[in-house]
Amino acid sequence: MSENLPPHRLKKTLLEGAVTNNVQVIHRQFPNTKLAAPGKRDLRRPLLALIVGVLFAPFVAVAVSPRLTEQYATWIYWLPGTSAIKGTLAFGATSPGDTGTVSSRGDLEQHGLQANPPGQARTDRGALVASTADRIEDLSLRFEEPTRLDRKIFDLGVHRVIVDPGHGGAHSGTSVGNLAEKEITLDIGLRVRDLLEESGLEVFMTRVDDTTVELDDRIAFANDSRGDVFLSIHVNWLGARTVRGIETFYLGTTTDPEISRRASVENRNSGYSLTDFRSLLDGIYVDLRRDESRELATQVHRAMLGAIKQQNPKVRDRGVKQAPFVVLVGTDMPAILAEVSAINNREEAALLRTDAYRATIANALADGVVAYAELLQPGSLSEPAATTLPAQLNRL
Amino acid sequence: MSRAPLKVGIDLGTSRSSISTSEGKRHVVDSYVGWPVDLVARKVLQQDVLIGQQAIEKRTMLDLHRPLERGVIKEGSEKEVEAVRALLEHLLSSACKTEEGATIDPAHIHAVVGVPAEALRSSKQQLRKSMKGLVGSLMIVSEPFAVAYGLEALLHSLIIDAGAGTVDFCTMNGRYPTDDDQRTLSNAGDSVDDVLYSLVSERYPEAAFSRHMIKGWKEDFSFIGTPREPVSVEVPVRGKPTRIDITNEMKTACETLVDPLCDTMIELISRVEPEFQGLVRNNVILAGGTGLIRGLGGALERTLAELGGGRVRVIQDPVYVGADGGLAIAQDASASEWEQLGVPSSQRLNA
């Protein structure tokens, strides 16, 4: 074990880890992942390949249907040792006579790859795939990173807000006695709606009464309504009675098992597993929407913290965090999930029973959204400055 | 004539960036890059690009960029990538010279660059692209790992690298840190600046001050807990230099860091194997410029006391601790452990 290693051996081990990490980054693999214990296989890559394979299967089927069975053999061949992207490319690279893959072949050839080397026997699939893999490896190193868009390019503003009171109907959320999360989030959500409408924003609610609305319906509603931002309101359960605090989430991966556990609870019945999300998001979710979601989360969190501390000085700032909640994954617009209080804490539960505290939270949430909207388009709203961050913080 | 590789460690920070070389040279620069806004500015400044403090001072004539958001290349703009490259060129050309003052062939430079612990892969790739042509061999490591390596705190320690853009946490368990061992918080020095700016603006609406002034006040007077003396600063109010008291605002702004830092520290320590948690609690290292906020180390120790006690060592000279750690890694790495960036031997750094 490390405790028994002499310093120079320990350093050597650490350096080897650093080199491995760099190699993983170069090859677009998952860096910094925990090294599997000797003898254990890392199942993540085959799992990811399988997930991506399932997701892309319908498209692939259309493209290669005449040779589907044979192509699938190629796909399976790829699973154990190569990445999903390579597997997808391999479909095009190994179907020379297939008109359905002309564009893939063209793309490959454009990048210096041959779709199928002349004279290459189809039965020599192992060598062919290995050869193509080498060249795709070269190709992957020449791919340019996608350039991130600057939102200033577009005159983006916030006009329509989707407010999502968590839970409802059959899903009570967390509760203490007769105090249920679904009732608190709805009350606060309706207050937020009124406040935002006063500021000149259009507000759509995912629910306005105590009805059951499934997560996928909330997502579909938000996307169909073409909301500019999505605000999901929840109340936390943090275990021990002494623990309290507020936290705000935006979409991203997390390594915190506690957040994973809570996301898993919120995502119940979504049809995915957290392992799938983690793997998928690690690879694909780097885009402008996350930056905007983070900004929105920051504005809302600051406003909440400033306002709530006045009534609840002991409140803990649990921070702005990333987590793969389904409502954040599925929505198309900048989206956050605010845990506005911790109902497990006796004092916070008592406060949550009061109108004043709920009004404070609602005000803060609305202030945060307005502050974000103002950030995008200064002066665009009817009552901007008086309700934004500085005023809140000044009262600390 | 062939020469031995020059090993360098680079700490790319949101606020400051530094370099240490195997020949004993060091250089630090504020992470600002500016280009003259027009021909007139170009003629006045007589330079194509200004870096660091010089850029801050001449900012009215410059298109000023602070490219290293959260310690990695801010994405979304080619200008930011260009700014990072200009910053790296400046660091390398300042520190990598022969005794005669000639620039060193980039092919002979082996660089270890520190980035935030949970930096996105795409950002690391951006950095890799920015380094091409500037150095021959490259290794990118997490900043707290570089700090731990430099301080030889490789086993049973917790590094808290509190910078301007991020606070990076990393427990060292005798292996290269994994996700489980690392955390990054965005509540860092810049967020203290934001809060302080808001609070002072609100209390003194007629006072004129800039974010650069706020940053300077924080560096001079930041504290957590009880102030040693009232904090007052001079600012123009309707053009007249006026002294204003910002003690409470400074305290409030700085203390926004305490809860998130303590929570994260406890969470990471609780993940360590139970028999080693005591060792880690007594080997907490607080590095980075934000780690110098007076009272922050004490606040962390008070939290550790609730867990049975512990010790926080504050690194009092944080400027080069990351770069020195990178250099230590560079000097220990064998030839086969480097990524070769393939610099043409004819290419030279801009002086």
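As shown above, the structure is provided for reference.
The present account deals with the structure reproduced in this document.

Rules of the game
Residues numbered from 1 in each chain as written. Chains lettered and ligands numbered in written order. Predicted model: local features only at pLDDT ≥ 70, side-chain atom pairs only at ≥ 80, totals over all residues. Heavy atoms only, no water. Helix = DSSP H or I, 4+ residues; strand = E, 2+ residues; numbered from the N terminus. Buried < 20%, exposed > 50% of the residue type's maximum accessible area, 1.4 Å probe, protein only. Contact = heavy atoms within 4.5 Å. Areas by Shrake-Rupley, 256 points an atom, 1.4 Å probe, with all protein chains shown as cover. Axes fitted to C-alpha atoms, helices over the stretch in contact; angles between N-to-C directions. Parallel < 35°, antiparallel > 145°, perpendicular 65-115°, else oblique. Left-handed = near helix turned anticlockwise from the far one by under 90°. Salt bridge = Lys/Arg side-chain N within 4 Å of Asp/Glu carboxyl O. Pairing = 2+ DSSP bridges. Polar contact = N/O pair within 3.5 Å; in protein donor to acceptor, adjacent residues only side chain to side chain. Core = buried A, V, L, I, M, F, W, Y, C linked by side-chain atoms within 4.5 Å. Domains from an automatic or database assignment. Phe/Tyr/Trp six-rings, centres within 6.5 Å; stacked < 30°, edge-to-face > 60°. Lys NZ or Arg CZ within 6 Å of the ring centre and 35° of its normal.

This part is about the overall build of chain A. Within chain A, the regular secondary structure consists of 15 helices and eight strands. Counting all 396 residues of chain A, 51% fall into the buried class. The contacts of chain A with a sequence gap of at least 6 include a subset with a gap of at least 24, amounting to 76%. Total accessible area computed for chain A in this model is approximately 18,200 Å², and 56% of it derives from carbon and sulfur atoms.

A few words now on the packing of helix α9 (residues 258–271) of chain B against helix α11 (residues 296–306) of chain B. All names here are of chain B. Running from amino to carboxyl end, α9 crosses α11 at an angle of 45°, the nearest separation of the two axes being 10 Å. Viewed along their axes, α9 and α11 adopt a mutual orientation that is oblique. Two packed elements cross with a definite hand, and for α9 against α11 that hand is right-handed. Here V258, L261, C262, M265, I266 and I269 of α9 come into contact with α11, specifically with L296, A299, L300, T303 and L304.

This part takes up the pattern of salt bridges. According to the stated counting rule, one finds 29 salt bridges over all chains in the structure shown. One salt bridge connects D187(A) with R358(A), and the closest N-O pair in it is separated by 3.0 Å. Of this pair, D187(A) sits in helix α7 (residues 181–198) while R358(A) sits in helix α14 (residues 355–376), and the two are 171 residues apart along the sequence. For the pair D187(A) and R358(A), a shared accessibility class is recorded, and that class is buried. We note a salt bridge from R175(B) to D181(B), for which the minimum N-O separation is 3.0 Å. Residue R175(B) is classed as partly exposed on the basis of its relative accessible area, which comes to 27%. The exposure class of D181(B) is buried, given its relative accessible area of 4%.

All names here are of chain B. As summarised here, the arrangement of the six strands in space is β3-β2-β1-β9-β10-β18, forming an open sheet in which the pairing is mixed. The open sheet has two edge strands, β3 (26–30) and β18 (339–340), and neither has a second partner. Across four bridges, strand β1 (residues 6–11) lies against strand β2 (residues 16–21) in antiparallel orientation. Note that in β2 the partner of V8 across the bridge is T21. Against the sheet, helix α5 (residues 143–151) makes contact with β1, β9 (109–115) and β10 (137–142), and its axis sits at roughly 95° relative to β10, the strand it touches most. Lying on the sheet, helix α12 (residues 321–332) is in contact with β1, β2, β3, β9 and β10; it crosses β1 at an angle near 145°.

Residues and elements named next belong to chain A. Structurally, the position occupied by N223 is in helix α8 (residues 215–224). Side-chain polar atoms of N223 contact the backbone nitrogen of D332, separated by 2.8 Å. If near-sequence neighbours (up to four positions away) are discounted, N223 is found in contact with G330, T331, D332 and M333.

Next up on the list: the nonpolar core. Formed by 46 residues in total, the largest nonpolar core has its most connected members in L158(B), I160(B), F169(B), W217(B), I246(B) and M265(B). At six residues, α9(B) tops the list of elements feeding residues into this core. Composition of this core by domain shows at least three residues from each of domain 2 (156–187 + 256–314) and domain 3 (190–255) of chain B. Formed by 44 residues, the second largest nonpolar core is a distinct cluster that contains I184(A), V340(A), I343(A) and A373(A).

Applying the stated rule across the entire model yields six aromatic pairs over all chains. Seen from their ring centres, F249(A) and F325(A) are 5.1 Å apart, and the 75° between their planes marks the pair as edge-to-face. You can see F249(A) sitting in strand β6 (residues 246–251) and its partner F325(A) sitting in the loop between β7 (317–323) and α12 (326–330), a full 76 residues away along the chain. The exposure classification of F249(A) matches that of F325(A), with both residues buried. With a centroid separation of 5.6 Å and 50° between ring planes, the pair formed by F209(B) and W217(B) is classed as tilted. Pairwise contacts between aromatic rings join F145(B), Y149(B) and Y176(B) into one cluster. The ring of Y197(B) is capped by R211(B), whose NZ or CZ atom sits 4.2 Å from the centre of that ring.

Our focus in this paragraph is the environment of E202(A). Residues and elements named next belong to chain A. As for its placement among the helices and strands, E202 is situated in strand β4 (residues 202–205). Under the relative-accessibility criterion, E202 is labelled partly exposed at 37%. Each C-alpha atom, one on E202 and one on V161, is 6.2 Å from the other, the two residues being 41 residues apart in sequence. In this view, E202 contacts H159, R160 and V161; residues no more than four positions away in its chain are not counted.

Our focus in this paragraph is the sheet that holds strand β6 (residues 62–65) of chain B. All names here are of chain B. Strand order in the open sheet made by the three strands is β5-β4-β6, with antiparallel pairing throughout. The sheet is open, and its two borders are formed by β5 (50–51) and β6, each paired with just one other strand. Alignment of strand β4 (residues 33–36) against β5, held across two bridges, turns out to be antiparallel. Looking across to β5, one finds that V33 is bridged to I51. Contacts from helix α3 (residues 78–95) reach β4, β5 and β6, with the element oriented near 110° to β4.

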